[in-house]
There are 2 protein chains.
Amino acid sequence: MITSTSNGQIKKIQQLLKKSKVRREEGLFVAEGLKMFREAPADRLEKVYLSGAFAEKGIWKEILREKGLEKEEREIIEVVEDKVFKTLSDTVTPQGVLCLIKMRDCTLEELVPEGKVPLLMILEDLQDPGNLGTILRTGEGAGVTGIILSKNSVDIYNPKVIRSTMGSVYRMPFYYTSSIQEEILPWLREKKITGYAAHLEGKNSYDQEDYTKGTAFFIGNEGNGLSRELSQKADIWIRIPMEGQVESLNAAMASGILMYEASRQRRNS
Amino acid sequence: MITSTSNGQIKKIQQLLKKSKVRREEGLFVAEGLKMFREAPADRLEKVYLSGAFAEKGIWKEILREKGLEKEEREIIEVVEDKVFKTLSDTVTPQGVLCLIKMRDCTLEELVPEGKVPLLMILEDLQDPGNLGTILRTGEGAGVTGIILSKNSVDIYNPKVIRSTMGSVYRMPFYYTSSIQEEILPWLREKKITGYAAHLEGKNSYDQEDYTKGTAFFIGNEGNGLSRELSQKADIWIRIPMEGQVESLNAAMASGILMYEASRQRRNS
């Protein structure tokens, strides 16, 4: 049982929670809560920290068994005194379980798996962790095949992103690019994927285009929208019609509406 | 110029920010930021507080003029020392303007304006301020005619709701009901509005129903979904199809997808 906040492992978790640099160096990120433990892929589970109170319940043993990891219990499980555990938790009422998960690196090719029509989200400098998490969760639901992020976007392993993905972060392939313009645009052309940018001056409403073939939606930064450079390079501009005095939708909401329109068309085609 | 945090007006604003009870008693709520000032209806603007730094810029005079309130400057405008203003702001970098706005009470009838086909959101015990704000903003964009909330839902005048509405809170008619079952369901029947509940066991996908006639969507609490009682009273269950291992969508996202599907059908009908 870990009983002190000055324990080396506790300090390491705190660093992993706070600093994306430390996460990258260690190749690890922190996923908190029962659902995130339950859905964690067995082969990427590095460590599981249980609060004293949670350790007394049997459920974690069950989950370990489901993952086929019962033999590794000693190496994987650490119990942490409730008081100390609380200092690690982002939430007011921690569920008492926190995992260290190995990152995985996807290649661009993994975002367009064979047998599936590509449906990609290309996020330029997205900043809000809740928005990114919601795009991952909704994107998995809508059948998005992969997410591409500009290098200045929020870190996908930020604890607030992780939480709002509700587990989709384990499953959704994603790729950070050094340059959407230089790396991604030529690749989209090569793959015959059409790039759509939401734009107030789009000729067609978003539901008047055909997304049953390879599709990529460009989504911009929350404050500034898509950069001029990138929106001019998109193949097609689309409008999300807005009544009243609404000037724009939240970035995650706009993404969700576009992704589910693509999903609707593909189901009905 | 107000220079002390113990000033009576400053104390009142702090109470209005924190306590929904005080807001109800005073019939006032707080709206922060330049956009919220710009969009505030002239006849509901009670007071405008400017930080010293912001007061020096001319823009607030312009906005007051646009609203036809230049003569009321003395009664409406108060300048607050920057240091004191900061204690009122919810944000890290306050824009330096904060308004007190008179609440308005809508009747149910105002949620179904003549000449428009009703499109209503009925929210049962929604708790997250960001979700409610996003539903208002997206709802205005999608042409929602009104929002009905159960009395245990989050307060629409909570500062976090206000901020995420981006001004829609001024324009979207809404109504808090003491009972969805007893007050709203009979009223929907009387108005010939069909009630749709998102439900995992819905026979039809949400895009297979017709929302071009009077439509109400029932949305449940973030943690528990729609109550059994209410979902059983809905006219039609609909499913939002989800791929992968996604079990549910965020409440605001589910709302947005449904509202924009109704909007799409109405545009194309």
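As a reminder, the structure under discussion sits directly above these lines.
Our subject in this report is the structure included herewith. Source: prediction; values computed, not measured.

So, how was this worked out
Here the residue numbering is sequential within each chain, running from 1 through the sequence in written order. Here the convention is simple: chains get letters from A, ligands get numbers from 1, in the order in which they are written. Owing to the predicted nature of the model, reporting of local features is limited to residues with pLDDT of at least 70; listing and counting of side-chain atom pairs is limited to 80 or more, with chain, interface and lining totals taken over all residues. Heavy atoms throughout the structure, all of them, feed into the side-chain values; hydrogens and water do not. Only strands joined by at least two bridges in the DSSP assignment are considered to pair. Helix and strand definitions here come from DSSP, where helices need a minimum of 4 consecutive H or I residues and strands a minimum of 2 consecutive E residues; each element is numbered from the N-terminal end. Any pair of residues with heavy atoms lying within 4.5 Å of one another is described as a contacting pair. Axis definition: a line fit to C-alpha positions, over the contact stretch in the case of helices; interaxial angles, taken between N-to-C directions, run 0 to 180 degrees. To estimate how far a helix should reach, multiply one less than its number of residues by 1.5 Å. Under the scheme applied here, a residue whose accessible area is under 20% of the maximum for its type counts as buried, over 50% as exposed, and between as partly exposed, the area being computed with a 1.4 Å probe on protein chains only. Any N or O atom pair separated by 3.5 Å or less is treated as a polar contact, with the protein-specific requirement of one donor-capable and one acceptor-capable atom, and with residues adjacent in sequence counted only for side-chain atom pairs. Buried area counts how much accessible surface, traced with a 1.4 Å probe, disappears from two parts once they are put together, with both parts' losses summed. A pairing counts as a salt bridge when a side-chain nitrogen of Lys or Arg comes within 4 Å of a carboxyl oxygen of Asp or Glu. When describing relative orientation, an angle under 35 degrees is termed roughly parallel and one over 145 degrees roughly antiparallel, while 65 to 115 degrees is termed roughly perpendicular and anything else oblique. Following the grouping adopted for this structure description, the nonpolar residues are Ala, Val, Leu, Ile, Met, Phe, Trp, Tyr, Cys and Pro, the charged ones are Asp, Glu, Lys and Arg, and the polar ones are all others, Gly among them. Residues are said to line a cavity or pocket when one of their atoms sits within 4 Å of a point; the points come from a 1 Å grid over protein atoms alone, cavities being sets where a 1.4 Å probe fits but cannot get out and pockets being open sets with protein on both sides within 12 Å along at least five of seven lines. Grid points are joined across faces, edges and corners, and a volume is the space filled by probe spheres set on the points. Residues enter a nonpolar core if they are buried and are Ala, Val, Leu, Ile, Met, Phe, Trp, Tyr or Cys, with the set joined through side-chain atoms within 4.5 Å. Stacked, edge-to-face and tilted labels apply to pairs of Phe, Tyr and Trp rings (six-membered ring for Trp) whose centres lie within 6.5 Å, assigned for plane angles under 30 degrees, over 60, and everything in between, in that order.

## Quick notes on the sheet that holds strand β10 (residues 215-219) of chain A
As a general point, the strands of a sheet are linked pairwise by backbone hydrogen bonds and lie either parallel or antiparallel.
Residue and element names in this part refer to chain A.
Point 1. Read across the open sheet, the seven strands follow the order β7-β6-β5-β10-β8-β11-β9; overall the sheet is parallel. Every interior strand has two partners, whereas the edge strands, β7 (174-177) and β9 (204-205), have only one.
Point 2. With three bridges joining them, strand β8 (residues 194-198) and strand β11 (residues 236-239) adopt parallel strand pairing. The residue bridging Ala198 from the neighbouring strand is Ile238, located in β11.
Point 3. In this fold helix α11 (residues 180-190) packs onto β5 (119-123), β6 (146-150), β7 and β10, with an angle of close to 165 degrees to the strand it touches most, β5.
Point 4. Against the sheet, helix α13 (residues 251-268) contacts β5, β10 and β11, and its axis sits at roughly 170 degrees relative to β10.

## Re the sheet that holds strand β2 (residues 45-51) of chain B
All names here are of chain B.
Point 1. Spatially, β1-β4-β2-β3 is the arrangement adopted by the four strands of the open sheet, whose pairing is mixed. Looking at strand neighbours, the two that pair on one side only are β1 (28-32) and β3 (77-80), the edges of this open sheet. For this sheet the average axis-to-axis angle between neighbouring strands, irrespective of direction, equals 20 degrees.
Point 2. Two elements, β2 and strand β4 (residues 97-102), share five bridges in a ladder whose sense is antiparallel. Its bridge partner lying in β4, Tyr49 is registered against Leu98.
Point 3. Lying on the sheet, helix α1 (residues 8-18) is in contact with β1, β2, β3 and β4; it crosses β1 at an angle near 90 degrees.

## Focus: α13 of chain A
Residues and elements named next belong to chain A.
Point 1. Compared with an ideal rise of 1.5 Å per residue, which puts 18 residues at 26 Å, α13 spans 26 Å between its outermost C-alpha atoms and is within 8% of the ideal.
Point 2. For α13, the tally of buried residues reaches 15 of 18 residues, placing the bulk of the element in the interior.
Point 3. Capping the start of α13, Asn250 holds a side-chain oxygen 2.8 Å from the backbone nitrogen of Ala252, two or three residues further along.

## Some details on the interface of chain A and chain B
Accessible area lost upon the coming together of the parts is a frequently used measure of interface size.
Point 1. At the junction of the two partners, chain A supplies 34 residues and chain B supplies 34 residues.
Point 2. Overall, the association of chain A and chain B removes approximately 2800 Å² of surface from exposure, summing both partners, and the carbon and sulfur fraction of that is 51%.
Point 3. The largest per-residue losses of area from chain A upon contact with chain B belong to Arg137, Met253 and Tyr260 of chain A, which jointly make up 22% of the total buried on that side.
Point 4. In this structure, Lys35 of chain B engages Glu247 of chain A in a salt bridge whose closest nitrogen and oxygen atoms are separated by 3.3 Å.
Point 5. Counting every contact that joins chain A to chain B gives 15 residue pairs in polar contact (both at pLDDT 80 or more).
Point 6. Mapped onto the side of chain A that touches chain B, the elements with two or more residues apiece are α3 (34-39), α8 (129-142), α10 (168-171) and α13 of chain A.
Point 7. Top contributing element to the side of chain A that touches chain B by residue count: α13 of chain A, with nine residues.

## Let's talk about the packing of α8 of chain A against α13 of chain A
All names here are of chain A.
Point 1. One can describe the packing of α8 onto α13 by two numbers: an axis separation of 9 Å at closest approach and a directional angle of 10 degrees. By the angle between their axes, α8 is roughly parallel relative to α13. Facing α8, whose interface residues are Asn131, Thr134, Ile135, Thr138, Gly139, Gly141 and Ala142, α13 presents Ala251, Ala252, Ser255, Gly256, Met259, Tyr260 and Ser263.
Point 2. Residues that form the contact of α8 with α13 fall into these classes: six nonpolar, eight polar and no charged.

## Brief notes about the layout of surface pockets
Residue and element names in this part refer to chain B.
Point 1. The volume enclosed by the second largest pocket comes to roughly 420 Å³.
Point 2. Lining the second largest pocket are 15 residues; nearest its centre among them are Glu32, Thr91, Thr93, Gln95 and Arg163.
Point 3. Breaking the lining of the second largest pocket down by element, the ones donating at least two residues are α3 (34-39) and α9 (159-165).
Point 4. Broken down by element, the lining of the second largest pocket gets its largest block of residues, four residues, from α3.
Point 5. Of the residues that constitute the lining of the second largest pocket, the class distribution is five nonpolar, four polar and six charged.

## So, the nonpolar core
Point 1. In terms of nonpolar packing, the biggest core is built from 114 residues, with Ile147 of chain A together with Ile147 of chain B touching the most fellow members.
Point 2. In this structure Ile147 of chain B touches Leu111, Met121, Leu123, Ile135, Leu136, Met172, Pro173, Phe174 and Tyr175 of chain B, once residues within four positions along its chain are discounted.

## Considerations on the packing of aromatic side chains
Point 1. Considering all chains together, one arrives at 14 aromatic pairs over all chains under this definition.
Point 2. Between the aromatic rings of Tyr196 of chain A and Tyr211 of chain A, the centroid separation amounts to 4.9 Å while the plane-to-plane angle is 85 degrees, which identifies the pairing as edge-to-face. Taken together, the residues Tyr196 of chain A in strand β8 and Tyr211 of chain A in the loop between β9 and β10 connect sequence positions 15 residues apart. Both residues of the pair, Tyr196 of chain A and Tyr211 of chain A, belong to the buried class.
Point 3. Residues Tyr157 of chain B and Phe174 of chain B carry aromatic rings whose centres are separated by 5.9 Å and whose planes lie at 70 degrees to one another, so their mutual orientation is edge-to-face.

Any functional reading would require information beyond the geometric quantities listed.
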